[in-house]
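Here is what each chain is made of, one letter per residue.
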Amino acid sequence: MNIVENPSPETWADLLARPAKDLTQLQDGVSKIMQTVQKGGDADLRKYTKKYDGVALESILVDPEEIARSGQTLSEELKKAIQLAKANIEAFHRAQITEPRVVETMPGVRCWRKQVGIDRVGLYVPGGSAPLFSSVLMLAVPAVLAGCREIVLCTPPQADGKVHDAILYACSLCGLTQVAAIGGAQAIAALTFGTESVPKVDKIFGPGNAYVTVAKQLAQLEGVAIDMPAGPSEVLVCADEGADPQFMAADLLSQAEHGPDSQVVFVGRTRTHTKSVVAAVHEQLATLPRRDAAAQSIANSTAVVMPDDKAAAELINAYAPEHLIIARRDALAFSERIRNAGSVFLGYLTAESMGDYASGTNHTLPTNGYARQYSGVSLDSFCRQMTFQEVDEQGLKGLGPAVMAMARAEGLEAHAVAVEKRLEEVFEGLTNIDAKLAKS
């Protein structure tokens, strides 16, 4: 992990460049999978699951009874932890529910908007080397709160063909009954087009590998919305000398262990403290079960010494990290300088893993610099905002002439007539509307 002191702004882009993957190379292969599943349905889902997961599926959908009894194999400690996480996530996202607020923009003209859940959503939960049951909570809890009418979750099967019980237990807690034991691009294809077992959805959520990312991009071309562009996980830690190097190293490694294409960045105020953090990273790295993957990530990562707070904040904004830890005495005040970040963790004691699992905020966040344009998943992600307006006679009188004038100026006569006819009817059929309005 290289240490760079006070780099000039023109070098930041190269210095902090993410490990790049050329996803265009995957498009042809993923597109073929998508087209094949579109035509072949469940039969091709089974074919791809056998090919990529080594599993011959008896049933694509998990039996609801299996979901209901999934907690029987889990420890009470784990079940209580999952229950606590769900309660916190639910409390935070429930607070995002909004009630319609009527605004009278002028006398007789009332406007409001209403939060409405998306009808059909698909949730993708990666499998791979670990059962990411936390992602079930992060996606299912807001989907249920939003009132989505149909929720289907896809996740890869284990070697025995089953979905991990921790994932099923999280589904059970959230009330999900449609769980498909399929993963990869073929799962996204199923959600995009629908098959005999998997319903077509309106929007797809959830992280995944490069193949899943490309499949989600292709799904958009078929009229299916996605949550956001997603890539490898990342964290930037900004710390002052009061931050314990062991804490900071653990935070950096918690993201590095996701995989070799993850990236971590440390921004310190002094070289001495930064060197202590880097030394702690390498010390702790040797003890990790996933040290090989984490070591590759650390090799792609950088430590930066930035004594000037303004420059440090601008570097962070330029990088736009998925996760930002501000481990400083003045963490809250410093955070006011930050414009671009997915989720921010304040103070010496707020480990990033708290947000990954159970603080209540959502861990589905924009990566690869997309925090400049995208927010993380929230209740709003599962909703549409429908607008309403209502005009009475007073509003027609006050607003109608302006609408007519604007419509005719744009050459849209029918727009003007739609208002004019109402004015004529309300004001007793007189054609001289201006005269009648002047008398009223």
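Look up: the structure comes first, before these words.
Note that this is a predicted model, so its numbers are computed, not measured. Per chain, the residues get numbers from 1 upward, laid out in the order the sequence is written. Local features in this predicted model are restricted to residues whose pLDDT is 70 or higher, and side-chain atom pairs enter the listing and the counts only when it is 80 or higher, whereas totals over whole chains, interfaces and linings include all residues. Excluding hydrogens and water, the side-chain figures rest on all heavy atoms present in the structure.

A. Inspection of empty space enclosed by the protein at higher detail. Cavities and pockets are defined on a 1 Å grid built over the protein atoms alone: a cavity is a set of grid points where a 1.4 Å probe fits but cannot escape, while a pocket is an open set with protein on both sides within 12 Å along at least five of seven lines, and lining residues are those with an atom within 4 Å of any such point. Grid points are joined across faces, edges and corners, and a volume is the space filled by probe spheres set on the points. A complete count under the given rule lists 1 cavity of 30 Å³ or more for this structure. Approximately 60 Å³ is the volume found for the largest cavity. If you trace the largest cavity, you find it lined by G206, P207, G208, V212, T213, K216, Q217, I226, M228, P229 and A230. The helix count covers DSSP runs of H or I at least four residues long, the strand count covers runs of E at least two residues long, and both are numbered beginning at the N terminus. In terms of residue count, helix 9 (residues 210–221) provides more of the lining of the largest cavity than any other element does, 4 residues in total. Throughout this entry, Asp, Glu, Lys and Arg are counted as charged residues, while Ala, Val, Leu, Ile, Met, Phe, Trp, Tyr, Cys and Pro are counted as nonpolar. The remaining residues, Gly among them, count as polar. For the lining of the largest cavity, the per-class residue count stands at 6 nonpolar, 4 polar and 1 charged.

B. A look at the nonpolar core. We call a set of buried Ala, Val, Leu, Ile, Met, Phe, Trp, Tyr and Cys residues a nonpolar core when their side-chain atoms join them within 4.5 Å. Only protein chains enter the area calculation, which uses a 1.4 Å probe; residues under 20% of their type maximum are buried, those over 50% are exposed, and those in between are partly exposed. Core analysis: the largest hydrophobic core is formed by 72 residues, its most contacted members being V121, L123, I182, V198 and F382. The element contributing the most residues to this core is helix 6 (residues 133–146), with 10 residues. Note on contacts: a residue pair is in contact if any heavy atoms of the two residues lie within 4.5 Å. The contact partners of F382, leaving out residues within four places of it in the chain, are V116, G117, I118, V121, L123, L139, P142, A143, A146, C148, F205 and V377. A249, L253, A303 and A327 belong to the second-largest nonpolar core, a separate cluster that totals 24 residues.

C. Seen up close, helix 7 (residues 165–174). Within helix 7, 7 of the 10 residues are buried, leaving the element largely enclosed by the surrounding structure. Every buried residue of helix 7 is accounted for by A166, I167, L168, Y169, A170, C171 and C174. Elements that come into contact with the buried residues of helix 7 comprise helix 4 (64–68), helix 5 (76–94), helix 6, strand 5 (150–154) and strand 6 (178–180). Immediately downstream of helix 7, the backbone of G175 shows phi near 85°, a positive value.

D. Examining the packing of aromatic side chains more closely. Planes of paired rings set the category: under 30 degrees apart is stacked, over 60 is edge-to-face and the rest tilted, where pairs are Phe, Tyr or Trp rings (Trp by its six-membered ring) whose centres lie within 6.5 Å. Taken as a whole, this structure holds 4 aromatic pairs when the rule is applied. Between the aromatic rings of Y48 and Y52, the centroid separation amounts to 6.0 Å while the plane-to-plane angle is 10°, which identifies the pairing as stacked. On the criterion of helical spacing, the pair formed by Y48 and Y52 is a turn pair, its members being 4 residues apart in helix 3 (residues 42–53). We classify Y48 as buried; its relative accessible area is 6%. Ring geometry for Y370 and Y374: centres 5.8 Å apart, planes at 80°, overall edge-to-face. Taking relative accessible area as the criterion, Y374 reaches 36% and is therefore assigned partly exposed. The lysine or arginine in question, R18, covers the ring of Y319, its NZ or CZ lying 3.8 Å from the ring centre. For a Lys NZ or an Arg CZ to count as sitting over a ring, it must be within 6 Å of the ring centre and within 35 degrees of the ring normal.

E. Geometry of the packing of helix 5 against helix 6. For every element, the axis is a line fit to its C-alpha atoms; helices are fit only across the contacting stretch, and the angle between N-to-C directions ranges from 0 to 180 degrees. Two elements in contact, helix 5 and helix 6, have axes separated by 10 Å at closest approach and are oriented at 40°. When the axis of helix 5 is compared with that of helix 6, the two are oblique. Once helix 5 is placed against helix 6, the crossing between them reads as right-handed. Between helix 5, through L78, I82, A85, K86, I89, E90, H93 and R94, and helix 6, the contact on the second element is made entirely by F133, L137, M138, V141, P142 and L145. Split into classes, the residues belonging to the contact of helix 5 with helix 6 amount to 10 nonpolar, 1 polar and 3 charged. Note on angle classes: values under 35 degrees are labelled roughly parallel, values over 145 roughly antiparallel, values of 65 to 115 roughly perpendicular, and the remainder oblique. Put simply, a crossing is left-handed when the front helix is turned counterclockwise from the back one by less than a right angle, and right-handed when it is turned clockwise.

F. Here's a closer look at the sheet that holds strand 5. The rule for pairing is simple: two strands pair if DSSP sees at least two bridges between them. On the basis of which strands lie adjacent, the open sheet formed by 5 strands has the order 6-5-4-7-8 and parallel pairing. Two strands in the sheet have a free side with no partner beyond their single neighbour: strand 6 and strand 8 (225–226). Pairing analysis gives 3 bridges linking strand 4 (residues 120–124) to strand 7 (residues 203–205), with the strands arranged parallel. Residue pairing in the sheet places L123 in a bridge with F205 of strand 7. Along the sheet, helix 8 (residues 184–193) makes contact with strand 4, strand 5 and strand 7, crossing strand 4 at roughly 175°. The sheet contacts of helix 9 involve strand 4, strand 7 and strand 8, and relative to strand 7 the element is tilted by about 165°.

G. Spatial organisation of unusual backbone geometry. Although it is not a glycine, N6 sits at a positive phi angle of roughly 45°. With respect to the helices and strands, N6 occurs in the loop between strand 1 (2–5) and helix 1 (12–15). In this structure, A320 is a non-glycine residue whose phi angle is positive, near 55°.

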